[in-house]
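# Fold and contact review
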Amino acid sequence: MKHMTPALILLLAAGTVQGQWTTDLMMNTPVRTVTTGETAAHMVADGPDGSTYTCWFENGSGSYQLRMQRVDVDGINLWPDTGLVVSALPQNSAIFRYDLQSDRDGNAIVAFQDERTGTLDIVAYKIAPDGEFLWGANGVELPTPGTTGLAPSVAPLENGNTAIAWNTNNSPGQAAAQLVDPNGSVLLAVPITVSASTAVGRPKPVATSDGGFILQYEVSNGGFGLPPSSMYAQRYDATGTAVWADAVQLSSTPIAFFYFPLPVSDGQDGLYLAYNSSNPDNPAFTDVFVQRLRGNGTLWSTNGTRLDNSSTTQKFTAGKGLVWVNDMDGLMIPIQVTDGAQGQSGVAVQRVDTAGIRQLGDAAVVIIPVTTDYTSPVDITATEDGAVIIHSTGGFGQEHYAATRVDLSGSAVWSPAQKDISTADSNKGDGAVTSTRDGQAVVVWQDDRTPNGTYAQNITELTTAVAIHSATSTDLRLEQNPTDNPVLLVGEDLRDATQLDVFDVQGRAVYSSTLPATDRVTLPLSGLNPGVYTLRVTGNGRVRNVRWVK
């Protein structure tokens, strides 16, 4: 089969699960295996009650079908073992990049492209936890006027709408975006389009708390062949109207044409983004940076934060690129480190606070040294006190998966430091890990063993991370931000929470108080020095953070 799926396609999974998670790491738990045809382009999203949504394309019937599965916390399929057939409508012979996300109500939203109209264009489905097709049996068509669409990405929004963005085949290419309401009605008569004098593509929407979104995308630098691109972003309100007078350039350094950045919400109407670009001290080598775009359109700095100052090694992002631990402890970022020829590989980690300051020094902490074993990071998930890094080791046909848990200093937590995930000798790919929920994270990957397909393994006894306060939640927010006199708006689920703690940018507690049981609290913090603070509310088994700029 001809695969058109880039290396950073996100995740996978799908399934034939007959029972609970296995402890046999040679066997693992089959999610979906086939003896005829293949499964391809698997993706994953967190489902309700600790479950996992997975989707994939399968061609055992002679043509590609999009199928989906929901796997419960014990590793058992909740839908038919062969998967829920989402779409058997005409598909291209190639599989392209697409997206799967879950919304605030626990539904799965998947957007992809098919040829049901005779031309390649975008379609989307919303599937309820019980398998109901909420946007109809054939989903929602999102036509691209006068041209075709490819490679959609999805953002469930705070007001219940969904933003879906994709590439078009205009000359030069443009990015497009459309809004769909909770019932599947298309809201914009004509999609939003982003154009430039050169090709625009790889759009990714990130939800904001006002029902709008930030659209991050790339603009080709032009020239012969496949030139590098520059990263930009524009904010749109809930009606799809641009908020900023001009798009914001996220870095003055370019990225490669084949690299797909994966921006994530910062929980404060902005986004974080890890990306590869050239090493400023050795332009022949690749380096890793993290940038923050705030909700007001400002950046940490022109190029963000460089994660490791070495000029003698190659460095690359992995998986989601980064994870947010909490506002006080910041982000953790896995790094693949190789020698100059990329014949040897190892794993490092860096932590960056929410102000963009490296917390582990000018050199990232080495987790696994660079050796001919060629260990490389696959993905990362946060815990409340650090992260778990999934990594692969081994050559062709002998690849294994393992995990290393690190604390906030980058030190190994487990003894021995590594825990095996899959010891089966095989080729593995598209590996990724879910969020840490209820003390468990799930790793899913494509495997060419017999039978081939998608396999999964759970990692248990983890401390669940404080989940990022996403733009789709209204539990906790500030009435105005920045402000000298903060007013905290408290959602019903936190109304009985009792403790408020305020931390400065260095993580020092500067104020503590008991909160009244009300939905609007004026905080007596006007006497604090100007700066950036984290407000943390604790109670009812919940922890919520909100960033305040004074």
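Residues numbered from 1 in each chain as written. Predicted model: local features only at pLDDT ≥ 70, side-chain atom pairs only at ≥ 80, totals over all residues. Heavy atoms only, no water.

## Quick notes on the overall build of the protein chain
The following threshold applies: The helix count covers DSSP runs of H or I at least four residues long, the strand count covers runs of E at least two residues long, and both are numbered beginning at the N terminus. Here the radius of gyration uses the C-alpha set of atoms, whereas the globule reference equals 2.2 Å times the residue count to the power 0.38. To sort residues, take the accessible area from a 1.4 Å probe on protein chains only and compare it with the maximum for the residue type: under 20% means buried, over 50% means exposed, and anything in between is partly exposed. Whether two residues touch is decided by their heavy atoms; if any such pair falls within 4.5 Å, the residues are in contact. Residue exposure ignores everything except the shown protein chains as possible cover, and the areas themselves are Shrake-Rupley values with a 1.4 Å probe. By the counting scheme adopted, Arg and Lys are positive, Glu and Asp are negative, and His together with the chain ends is not counted. Working definition for charges: the position is that of NZ of Lys, CZ of Arg, CG of Asp or CD of Glu.
Broken down by element type, the protein chain carries zero helices and 40 strands. Its C-alpha radius of gyration of 23 Å places the protein chain within 12% of the 24 Å reference for a compact globule of 550 residues. Projected onto its principal axes, the C-alpha coordinates of the protein chain cover approximately 70 × 55 × 50 Å. For the protein chain, with 550 residues in total, the buried portion stands at 59%. Sequence-distant contacts, at least 24 apart, represent 52% of the contacts inside the protein chain between residues at least 6 apart. When the accessible surface of the protein chain is split by element, carbon and sulfur atoms take 49% of a total near 20,800 Å². With 32 positive and 55 negative side-chain charges, the protein chain shows a separation of 4 Å between the mean positions of the two kinds.

## Side note on a nonpolar patch on the surface
Heads up, the rule is: Patch membership requires over 30% relative accessible area and the absence of a salt bridge. Like charges are linked within 9 Å, and nonpolar side chains (Val, Leu, Ile, Met, Phe, Trp, Tyr) within 5 Å. Any Lys or Arg side-chain nitrogen located within 4 Å of an Asp or Glu carboxyl oxygen qualifies as a salt bridge.
The grouping of Leu226, Phe257 and Phe258 at the surface amounts to a nonpolar patch, some 340 Å² of accessible area in total. Among the secondary structure elements, Phe258 is positioned in the loop between strand E17 (248-249) and strand E18 (264-265). Residue classification places Phe258 among the exposed residues on the basis of a relative accessible area of 55%.

## Here's the deal with the sheet that holds strand E27 (residues 376-383)
Rules: For two strands to count as paired, DSSP must find a minimum of two bridges between them. Angles here are taken between N-to-C directions and fall from 0 to 180 degrees, while the axes themselves are lines fitted to C-alpha atoms, restricted in helices to the stretch in contact.
Read across the sheet, four strands follow the order E27-E28-E29-E30 without closing on themselves; strand pairing throughout is antiparallel. Every interior strand has two partners, whereas the edge strands, E27 and strand E30 (418-426), have only one. Between one strand and the next, the sheet's axes are offset by a mean angle of 15°, whatever the strand orientation. Judged from the five bridges that link them, strand E29 (residues 399-407) and E30 form a sheet pairing that is antiparallel. By the bridge assignment for E30, Glu399 is matched with Ser426.

## Details of the environment of Asn59
Convention followed: For this analysis, a polar contact is any N or O atom pair within 3.5 Å, provided that within protein one partner can donate a hydrogen and the other can accept it, and provided that sequence-adjacent residues contribute only side-chain to side-chain pairs.
Position of Asn59 among the secondary structure elements: in the loop between strand E3 (52-58) and strand E4 (65-71). Note: C-alpha distance between Asn59 and Val34 (25 residues apart in sequence) is 9.8 Å. A distance of 2.7 Å separates the side chain of Asn59 from the backbone nitrogen of Glu38, its partner in a polar contact. A polar side-chain atom of Asn59 sits 3.4 Å from a polar atom in the side chain of Tyr64.

## What to know about the pairing of strand E35 (residues 487-490)
Inspection of the sheet shows strand E34 (residues 476-478) paired to E35 by three bridges, in the antiparallel sense. Its bridge partner being in E35, Arg477 is matched across the sheet by Leu489. Sheet analysis places E35 next to strand E38 (residues 520-522), joined by three bridges and oriented antiparallel. Paired with Leu489 across the strands is Arg520, a residue of E38.

## Points about the pattern of salt bridges
For the structure shown, the criterion picks out 18 salt bridges. In this structure, Arg437 and Asp46 form a salt bridge, with 3.7 Å as the shortest nitrogen-oxygen distance. One end of the pair, Arg437, is in the loop between strand E31 (428-433) and strand E32 (441-447); the other, Asp46, is in strand E2 (residues 39-46), and 391 residues separate them in sequence. Judged by its relative accessible area of 25%, Asp46 falls in the partly exposed class. In this structure, Glu58 and Arg67 form a salt bridge, with 3.7 Å as the shortest nitrogen-oxygen distance.

## A few points about the confidence of the model for the protein chain
The following threshold applies: Per-residue confidence from the prediction method is given by pLDDT, with values spanning 0 to 100.
Considering every residue of the protein chain, the mean pLDDT works out to 89; 92% of them sit at 70 or more. Across residues 1-19 the pLDDT falls below 50, and counting only partners more than four positions away or on other chains, this stretch makes 90 contacts in the model. Note on residues 465-474: pLDDT is under 50 here. Beyond four places in sequence and across chains, it has 30 contacts.

## Let's talk about the packing of aromatic side chains
The description of an aromatic ring pair rests on the distance of the ring centres and on the angle between the ring planes. Going by this rule: A pair of aromatic rings is counted whenever rings of Phe, Tyr or Trp (Trp by its six-membered ring) have centres within 6.5 Å, and the orientation is called stacked for planes under 30 degrees apart, edge-to-face for over 60 and tilted otherwise.
Throughout the structure, instances matching the rule amount to twelve aromatic pairs. Taking 5.8 Å as the distance between ring centres and 5° as the angle between the ring planes, the aromatic pair formed by Phe112 and Tyr125 counts as stacked. You can see Phe112 sitting in strand E7 (residues 108-114) and its partner Tyr125 sitting in strand E8 (residues 121-127), a full 13 residues away along the chain. For the pair Phe112 and Tyr125, one class covers both residues: buried. Their ring planes at 45° and their centres at 5.9 Å tell us that Tyr272 and Trp300 sit as a pair that is tilted.

## What about the sheet that holds strand E33 (residues 452-459)?
The strand order E1-E33-E32-E31 describes an open sheet built from four strands, whose pairing is antiparallel. One side of each edge strand has no neighbouring strand; the edge strands of this open sheet are strand E1 (29-34) and E31. Going from strand to strand, the sheet's axes swing by 15° on average, the running direction of each strand aside. Here E32 runs beside E33; their pairing, made up of seven bridges, is antiparallel. Bridge pairing in E33 links Gln446 to Thr454.

## Some points on the nonpolar core
So the rule is basically this: To define a nonpolar core, start from buried Ala, Val, Leu, Ile, Met, Phe, Trp, Tyr and Cys residues and group those joined through side-chain atoms within 4.5 Å.
Core analysis: the biggest nonpolar cluster contains 21 residues, and Phe57, Met68, Tyr98, Leu100, Val110 and Phe112 have the highest contact counts within it. Counting residues per element, the ones that place at least two in this core are E2, E3, E4, strand E5 (84-87), E7 and E8. Leave out the neighbours within four places in its chain, and Val110 touches Cys55, Leu66, Met68, Tyr98, Asp99, Leu100, Val123, Ala124 and Tyr125. Core analysis: the second largest hydrophobic core is formed by 17 residues, Ala175, Ala177, Val194 and Ala207 among them.

## Digging into the environment of Gly410
Positionally, Gly410 belongs in the loop between E29 and E30. The buried category is assigned to Gly410, whose relative accessible area is 6%. Discounting residues that sit within four places of it in the chain, Gly410 has contacts with Val349, Leu360, Val365 and Ile367.

## Examining unusual backbone geometry
Residue Pro416 is reached from Ser415 by a cis peptide bond, and omega for that bond is -5°. The linkage connecting Thr450 with the following residue, Pro451, adopts the cis geometry, with an omega of -5°. Of note, Asp49 is a non-glycine position whose phi angle comes to about 60°, a positive value. Within the secondary structure layout, Asp49 lies in the loop between E2 and E3. In the Ramachandran plot, Asp269 falls in the positive-phi region, its phi being about 70° despite a non-glycine side chain.

## What to know about the pairing of E3
The buried fraction of E3 is high, at seven of seven residues. Going residue by residue along E3, you find Thr52, Thr54, Trp56 and Glu58 tucked away on one face and Tyr53, Cys55 and Phe57 tucked away on the opposite face as well. Strand direction decides the pairing type here: E2 and E3, joined by six bridges, are antiparallel. Residue Ala45 lies in a different strand from E3, and its bridge partner there is Tyr53. Where E2 hands over to E3, the hairpin turn is made up of five residues, of which Asp49 adopts a positive phi near 60°. Of the pairings in the sheet, the one linking E3 to E4 comprises seven bridges and is antiparallel in character. Within the sheet, the bridge partner assigned to Trp56 lies in E4 and is Arg67.

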